[in-house]
Amino acid sequence: MIIGVTLHSQSTSGKTYFSPWFPRGGNGATFACEVIASADTTNDIDTFHVQVQTKNAEDSDKDVVDLLASAATITLGTDENVTSFEAGTKLSDTTNQGMKELVRFMYTVMAKTNGRAWVHFRMLN
């Protein structure tokens with residue numbers, strides 16, 4: 001059984017990938033990303049970034065909203081490292097936007113100058 005997803009990039013400005021849309025579980029959430037393995041952080045990979053996006057079912061993908069407070073730069077260099085981050089808001093928060101009907105992750109992998117960046121990870125329940 002293969003666990004996780006492998007993403008790669010040869011770009012120093014970053015390569016972007018998206019997860020499938022899934023229904024929100026509430027107004028806010030705490031997510032966790034486990035990096036199982038990654039390229040050499042000294043020579044190959046610069047950063048691995050996860051952003052939570054949200055939209056309503058009737059909205060098109062161009063109308064997505066980035067939950068700005070949810071952006072997370074995932075810790076690399078130590079295998080099996082788990083990074084957790086929050087997205088959305090508490091129900092009592094009237095100034096910040098919570099999650100809409102659907103949620104997805106936007107992953108960005110950024111290479112260093114030699115362009116051999118990769119990361120193998122999984123989002124935890």
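Preceding block: the structure.
Residues numbered from 1 in each chain as written. Predicted model: local features only at pLDDT ≥ 70, side-chain atom pairs only at ≥ 80, totals over all residues. Heavy atoms only, no water.

Draft legend 1. Expanded view of the overall build of the chain. A count of helices and strands for the chain gives 0 helices and 10 strands. For the chain, the sequential pattern of α-helices and β-strands runs β-β-β-β-β-β-β-β-β-β. Here the C-alpha atoms of the chain give a radius of gyration of 15 Å, agreeing with the 14 Å that 2.2 N^0.38 yields for 125 residues. Across its three principal axes, the chain shows a C-alpha extent of roughly 45 × 30 × 30 Å. Within the chain, buried positions represent 37% of all 125 residues. Taking contacts inside the chain between residues at least 6 apart in sequence as the whole, the part at least 24 apart equals 80%. Charge separation in the chain, taken as the distance between the mean sites of 10 positive and 14 negative side-chain charges, equals 3 Å. (Helix = DSSP H or I, 4+ residues; strand = E, 2+ residues; numbered from the N terminus. Rg over C-alpha atoms; globule rule 2.2 N^0.38 Å. Buried < 20%, exposed > 50% of the residue type's maximum accessible area, 1.4 Å probe, protein only. Contact = heavy atoms within 4.5 Å. Lys, Arg positive; Asp, Glu negative; His and termini not counted. Charge placed at Lys NZ, Arg CZ, Asp CG, Glu CD.)

Draft legend 2. Molecular detail of the packing of aromatic side chains. This structure, assessed with the given rule, holds 7 aromatic pairs. Relative to Phe85, the ring of Phe31 has its centre 5.9 Å away and its plane inclined at 40°; by these criteria the two rings are tilted. Highlighted residues: Phe31 in strand E4 (residues 28-38) and Phe85 in strand E8 (residues 81-88), separated in sequence by 54 residues. Taking relative accessible area as the criterion, Phe85 reaches 7% and is therefore assigned buried. (Phe/Tyr/Trp six-rings, centres within 6.5 Å; stacked < 30°, edge-to-face > 60°.)

Draft legend 3. Inspection of the environment of Lys112 at higher detail. For Lys112, the location among the structural elements is in the loop between strand E9 (102-111) and strand E10 (117-124). Under the relative-accessibility criterion, Lys112 is labelled partly exposed at 26%. For the pair Lys112 and Thr47, spaced 65 residues apart in the sequence, the C-alpha separation amounts to 8.7 Å. Aside from chain neighbours lying at most four places away, what touches Lys112 is Thr12, Thr41, Thr42, Asn43, Asp44, Ile45 and Asp46. Of note is the side chain of Lys112, whose polar atom sits 3.3 Å from the backbone oxygen of Thr42. (Polar contact = N/O pair within 3.5 Å; in protein donor to acceptor, adjacent residues only side chain to side chain.)

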